Amino acid sequence: MIVLCLLLVPLAAAVSLPATWGMIRLSRRLGMLDTAAMPGQIKDARRPIANTGGVGIAAGLLLPMVAGLAVLAALAPPLPPPLAPLEPHLPGIREQFPLALGFIASALALHVLGLVDDRRPLGPFVKLAVMLVPPLLLAVFTDTRLLTAADPYAGGTWLSVLVTVLWFGLVTNALNFLDNMDGLAGGVAAIASACLLAASLVNGQWFVAATLALLLGACLGFLCWNFPPAKVFMGDGGSLVLGFALAFLTTRITYFADPSDPAHPAGPPIPPPSTPFAVFMPLVVLAIPLYDFLSVTAIRLSQKRSPFVGDLQHFSHRLVKRGLSKRAAVLVIYGFTLVTGISGIALRSLEDWQAVLVGVQTAAILGVLAAFEFASSPARRTEPRP
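This one's a predicted model, so the numbers in the text were calculated from it and none came from an experiment.

Visitor: Looking at this structure, how should I read the overall build of the protein?
Guide: Check the secondary structure of the protein and you find 16 helices and zero strands. Computed over its C-alpha atoms, the radius of gyration of the protein comes to 21 Å, within 12% of the 21 Å expected for a compact globule of 386 residues. Within the span of the protein, comprising 386 residues, buried residues form 51% of the whole. Taking the intrachain contacts of the protein between residues at least 6 apart in sequence as the baseline, contacts between residues at least 24 apart amount to 75%. As displayed, the protein offers around 17,100 Å² of accessible surface, 72% of which is attributable to carbon and sulfur atoms. Treating the 25 positive side-chain charges of the protein as one cloud and the 19 negative ones as another, the clouds have centres 13 Å apart.

Visitor: Explanation requested: the environment of M234 in the structure shown.
Guide: Topologically, M234 is positioned in the loop between α10 (206-226) and α11 (235-252). In contact with M234, not counting residues within four places along its chain, are N51, G53, G54, I57, D118, D179, A185, G186, F222, S239 and L242.

Visitor: Please clarify how the confidence of the model for the protein should be interpreted in this entry.
Guide: Any segment with low pLDDT has predicted coordinates that should not be analysed in fine detail. Mean pLDDT over the protein: 87, with 91% of residues reaching 70 or higher. Within the model, pLDDT remains below 50 along residues 258-268, and this stretch shows 23 contacts once partners closer than five positions in the same chain are excluded.

Visitor: Any chance you could explain the side chain of T211 here in plain terms?
Guide: With respect to the element layout, T211 can be found in helix α10. Those residues in contact with T211 that lie beyond four places of it in its chain are L61, M65, F103 and L249.

Visitor: Can you walk me through α11 in this structure?
Guide: Given 3.6 residues per turn, any residue in an α-helix points the same way as the ones three and four places further on. A rise of 1.5 Å per residue sets the reference length of α11, with its 18 residues, at 26 Å; its end C-alpha atoms lie 26 Å apart and thus fit the reference within 8%. Extensive coverage of α11 is indicated by the burial of 18 of its 18 residues.

Visitor: Got a minute to help me understand a positive patch on the surface in this structure?
Guide: Side chains of R25, R28, R29 and K231 sit close together on the surface and give a patch of like positive charge. Note that R28 resides in helix α1 (residues 2-30).

Visitor: Where do I start with helix α8 (residues 158-178) in this structure?
Guide: Between the first and last C-alpha of α8 there are 30 Å, a value that for 21 residues agrees with the 30 Å anticipated at 1.5 Å per step. When you tally the buried positions in α8, you get 15 out of 21 residues, the bulk of the element.

Visitor: Please explain the nonpolar core as it appears in this structure.
Guide: In a soluble, globular protein the nonpolar side chains are often hidden away together inside. Ranked by internal contacts, the top residues of the largest apolar core, which has 97 residues, are L61, F103, L242, L246 and F248. With 15 residues, the top contributor of residues to this core is α10.

Visitor: Would you take a moment to explain the packing of aromatic side chains for this structure?
Guide: Centre-to-centre distance and the angle between the planes together describe a pair of aromatic rings. Counting across every chain of the model gives nine aromatic pairs. An angle of 85° between the planes, with centres 6.4 Å apart, marks the rings of F177 and F308 as edge-to-face. Of the two residues, F177 is situated in helix α8 and F308 in the loop between α13 (287-302) and α14 (315-321); the sequence distance between them amounts to 131 residues. F308 gets classed as partly exposed once you look at its relative accessible area, which sits at 30%. Aromatic pair Y291 and F315: ring centres 5.3 Å apart, planes at 85°, arrangement edge-to-face.

Visitor: Can you help me understand the pattern of salt bridges in this one?
Guide: It is possible for side chains of opposite charge to pair when their charged atoms get near one another. Overall, the coordinates contain eight salt bridges when judged by the stated rule. Across the pair R318 and E373 runs a salt bridge, and its minimum N-O distance is 2.3 Å. One end of the pair, R318, is in helix α14; the other, E373, is in helix α16 (residues 352-375), and 55 residues separate them in sequence. Given the relative accessible area of 10%, E373 is considered buried. Each member of the salt-bridge network shares a partner with another, and the members are D117, K127 and D236.

Visitor: Got a minute to help me understand the environment of L17 in this structure?
Guide: Within the element layout of this structure, L17 appears in helix α1. Classification of L17 by relative accessible area gives partly exposed; the value is 32%. A sequence separation of 262 residues divides L17 from V279, and the C-alpha atoms of the two residues are 34 Å apart. Those residues in contact with L17 that sit more than four places away from it in its chain are G221, C224 and W225.

Visitor: Can you walk me through unusual backbone geometry in this structure?
Guide: Peptide bonds are trans in most cases, and residues, glycine excluded, mostly fall at negative phi. The peptide bond linking P228 to P229 adopts the cis configuration, its omega dihedral lying at 0°. If you trace the backbone, P229 turns up in the loop between α10 and α11. The backbone of D143 shows a phi angle near 60°, a positive value even though the residue is not glycine. Residue position: D143 is located in the loop between α6 (133-141) and α7 (151-154).

Visitor: I keep staring at the state of the cysteines and nothing clicks. Help me out?
Guide: Chemically, a disulfide is nothing more than a covalent bond linking the sulfur atoms of two cysteines. Summed over the entire model, instances satisfying the criterion amount to zero disulfides. Just so you know, C219 is unpaired, no disulfide at all, and the nearest cysteine sulfur is the one on C224, 11 Å from it. Judged by relative accessible area, which is 0%, C219 ranks as buried.

Visitor: Teacher, can you tell me more about the environment of V116 here?
Guide: Within the secondary structure, V116 is located in helix α4 (residues 97-119). A relative accessible area of 38% places V116 in the partly exposed class. The sequence separation of V116 and D236 amounts to 120 residues, and the corresponding C-alpha distance is 8.7 Å.

What counts and how
One numbering rule holds for all chains: residues counted from 1, following each sequence as written. Totals for whole chains, interfaces and linings use every residue, but because this is a predicted model, local features are given only for residues with pLDDT of at least 70 and side-chain atom pairs only at 80 or more, for both listing and counting. Calculation of side-chain values draws on the structure's entire complement of heavy atoms; hydrogens and water are dropped beforehand. The secondary structure listing takes helices from DSSP runs of H or I that are at least 4 residues long and strands from runs of E that are at least 2 residues long, numbered from the N terminus. We take the radius of gyration over the C-alpha atoms and set the globule estimate at 2.2 Å times the residue count to the 0.38 power. When accessible area is computed with a 1.4 Å probe and restricted to protein chains, residues below 20% of their type maximum are described as buried, those above 50% as exposed, and intermediate ones as partly exposed. It only takes one pair of heavy atoms within 4.5 Å for two residues to be counted as in contact. To be clear on the numbers: accessible area is Shrake-Rupley with a 1.4 Å probe, and residue cover counts the displayed protein chains and nothing else. Just so you know, the count uses Lys and Arg for positive and Asp and Glu for negative, and it drops His and the chain ends. A charge is said to be at NZ when it belongs to Lys, at CZ for Arg, at CG for Asp and at CD for Glu. Confidence per residue, as judged by the predictor, is encoded in pLDDT with a range of 0 to 100. Multiplying one less than the number of residues by 1.5 Å gives the expected span of a helix. Two joining distances apply to patches: 9 Å for like charges and 5 Å for nonpolar side chains (Val, Leu, Ile, Met, Phe, Trp, Tyr), and every residue must have over 30% relative accessible area and no salt bridge. The salt bridge criterion pairs a side-chain nitrogen of Lys or Arg with a carboxyl oxygen of Asp or Glu, the two atoms within 4 Å. Residues grouped as a nonpolar core are buried Ala, Val, Leu, Ile, Met, Phe, Trp, Tyr and Cys residues, joined through side-chain atoms within 4.5 Å. Geometry of aromatic contacts follows a simple scheme: Phe, Tyr and Trp rings, the Trp one being its six-membered ring, pair when their centres are within 6.5 Å, and the pair is stacked under 30 degrees between planes, edge-to-face over 60, tilted otherwise. Two cysteine sulfur atoms make up a disulfide if the distance between them is within 2.5 Å.

Shown next, in the form of structure tokens:
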């Protein structure tokens, strides 16, 4: 099963890469290029580059899922040798069909929302309101929820549903905010997906692992055209899908073994975690995107500006102001994401004291970054770097 899951990475990339190239050609022909800044928004100088690359990301993630569901629905034992490892897992995989369809429908809805916003801005609060509807429906109807262990103490599922919707909103907006420099959001999402993929494979969660493999491949195919200097932007049509997918998959990953959990009915027994701190794995893996979101939000609020009106004060922009080129700033953020992500992979299997050390390490990394930014002055440059 591990090999079959990993094969989905090049499959998704093989869909995403040509789909993104096709959107570049089509968008140039139709004039679907990067839009001007909204009133009050500050952004880099407008470039004649298509902002429809999110179609390639969505295609790489969702088309193989739809095709895979169709094939799995039609399969019957005995399976041919290449698919033989799937046979004992077929009943459990088919139980996940409603969940998979809910994920596909929700991701597609956010993709369409982003595409519309990329062409004609809807306004931050309209977009936020629509953005929170899919996670609410998933939490209520598919039991995709955080803090389910607290249900008996909270008098029902309301607290779990609320926390889940807030988590989806936080992660989706964090990836949306992170899409502010060539290659940044796609690369960070790829690194986070790879780390979460490793953790889900160890846990034997095949549905989550397969979806993460597709997400990783979709990002890699897109990055072939988006790595600086970019030939295409993902736009909100891509960043909303990335954020939603990461929020969904971090919610579905099992941190504590539960025999009644349908997320892995046919998988191998999942050993109980050594530490309850395993639930903080998503915060560790996504520490850098969340740092960018929270820091730029704090900066804007301190300036009495709306946190949802874009500007050039993100973490990446702040690194450039301190002397890095844009490509170097992106690579530095990749590196920090990889450092925290690798720590998150092992969190579930650590003893309590070891998990605390991971938490201290992550907090120290973010603290050093914040101290460096606060204590240093932006470099003075007479001309922008590429």
